[in-house]
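Fold and geometry: a report
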Amino acid sequence: MNLIFLGPPGVGKGTHAKLLSERFGIPQISTGDMLRANIKQGTQLGLAAKAYTNKGELVPDQVVIDMVRERLRQPDCEKGYILDGFPRTVPQAEALAAFARIDAVVDLEAGEDIILGNLGGRRVCRDCGATYHIRRLDGATTCAACGGELIHRADDQPDTIRHRLEVYHRQTEPLITYYRETGLLINVLAEGDIEHDFALILKVLDLE
Ligand code: AP5
């Protein structure tokens, strides 16, 4: 099962990819997480990526294409994987088609008010990167998994969120047409709570 999760920032790609990964024992491959790990470690790739991610711009195609191609060669991808946040441009999708066989593309959609609510209340662990929402934190300020401090992501500031949404509409939305034409696209309206939306995803993928 080789899947792509597509959709605007904050729609729940990472949340549902992680749930699916845990349920089926296949890796969640988030280019956003990989870039943030590189930034945290101060690698050359991270230094180059930071200027783009902090502004809400896309990192150059070739950087993420090479990163994903290398990641998919790892043995844990043999039984399948979930691509979360890749591809994000038509050139990335064309490059992916040359080195991967994709079974389905789940396009998560939600109204802008829901997306803004999701991103505005998101908190992430400074240490392990686990994601939470203040709706479910009950006032907690530390990570349930590792005890790390919960913080706002650097790109979750209101101006950057607005810019990320513009970038999504301009550069990533054309992928909806691209994958519809391949017959791989499955649309899911992700406007319920996490359990409701995850159940919908399992249903459309015939994984119930
Ligand atoms: P990335 O980390 O991929 O960010 P993104 O696509 O903007 O997506 P997000 O992580 O913000 O949202 P999500 O859909 O995963 O939502 P989440 O599950 O966290 O990329 C960051 C940056 O890296 C990019 O801007 C770019 O610079 C660079 N980059 C990455 N990939 C690239 C690529 N391929 N090419 C070029 N550059 C690239 O959910 C959000 C919140 O809502 C959470 O708090 C969650 O708990 C909550 N929530 C989610 N679903 C629900 C629900 N159903 N009900 C209630 N709450 C929910």
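The sections below set out a description of the structure shown in this document. (Residues numbered from 1 in each chain as written. Predicted model: local features only at pLDDT ≥ 70, side-chain atom pairs only at ≥ 80, totals over all residues. Heavy atoms only, no water.)

**What to know about the pairing of strand 3 (residues 81–84)**
Looking down a regular strand, the side chains alternate between one sheet face and the other. Inclusion rule: Under the scheme applied here, a residue whose accessible area is under 20% of the maximum for its type counts as buried, over 50% as exposed, and between as partly exposed, the area being computed with a 1.4 Å probe on protein chains only. Helix and strand definitions here come from DSSP, where helices need a minimum of 4 consecutive H or I residues and strands a minimum of 2 consecutive E residues; each element is numbered from the N-terminal end. Paired strands, as defined in this entry, are two strands with at least two bridges between them according to DSSP.
Of the two faces of strand 3, the one lined by Tyr81 and Leu83 and the one lined by Ile82 and Asp84 are each fully buried. Bridge count between strand 1 (residues 2–6) and strand 3: four bridges; the pairing is parallel. Bridged to Leu3 within strand 3 is Ile82. Examined bridge by bridge, strand 2 (residues 28–30) and strand 3 share three bridges and lie parallel to one another. Note on strand 3: the bridge partner recorded for Gln28 is Ile82.

**With respect to the side chain of Asp107**
So the rule is basically this: Residue contacts follow a heavy-atom distance rule, with two residues in contact if any of their heavy atoms lie within 4.5 Å.
Of note, Asp107 is situated in strand 4 (residues 104–109). Among residues more than four places away in sequence, those in contact with Asp107 are Leu6, Gly7, Tyr168, Ile176, Leu185, Ile186, Asn187 and Val188.

**Re the sheet that holds strand 8 (residues 185–189)**
Just so we agree on the cut-off: Helix axes are fitted to C-alpha atoms over the stretch in contact, other axes to C-alpha atoms as well, and angles between N-to-C directions run from 0 to 180 degrees.
Read from one edge to the other, the open sheet built from five strands follows the order 2-3-1-4-8, with strand pairing classed as parallel. Two strands close off the open sheet at either side, each with one partner strand: strand 2 and strand 8. Neighbouring strand axes in the sheet, compared pairwise and without regard to direction, differ in orientation by 20° on average.

**Structural notes on the packing of helix 5 (residues 90–99) against helix 9 (residues 174–182)**
The condition that has to hold: Residue polarity is assigned by list, with Asp, Glu, Lys and Arg as charged and Ala, Val, Leu, Ile, Met, Phe, Trp, Tyr, Cys and Pro as nonpolar; anything else, Gly included, falls into the polar class.
It is the contact of helix 5 with helix 9, at a shortest axis distance of 9 Å, that shows an interaxial angle of 35°. On helix 9, the residues touching Val90, Ala93, Glu94, Leu96 and Ala97 of helix 5 are Pro174, Leu175, Tyr178 and Tyr179. Tallied by class, residues from the contact of helix 5 with helix 9 come to eight nonpolar, no polar and one charged.

**What about helix 10 (residues 194–204)?**
Put simply, the rule is: The arc in question is traced by the directions running from the helix axis to the C-beta atoms.
For helix 10, the set of buried residues is Asp197, Phe198, Ile201 and Leu202. An end-on view of helix 10 places all buried positions within 145° of arc, on one side of the element. Turning to helix 10, the residues buried within the fold contact strand 1, helix 1 (13–24), strand 4 and strand 8. Of the residues flanking the end of helix 10, it is Asp206, one or two places downstream, whose phi is positive at about 60°.

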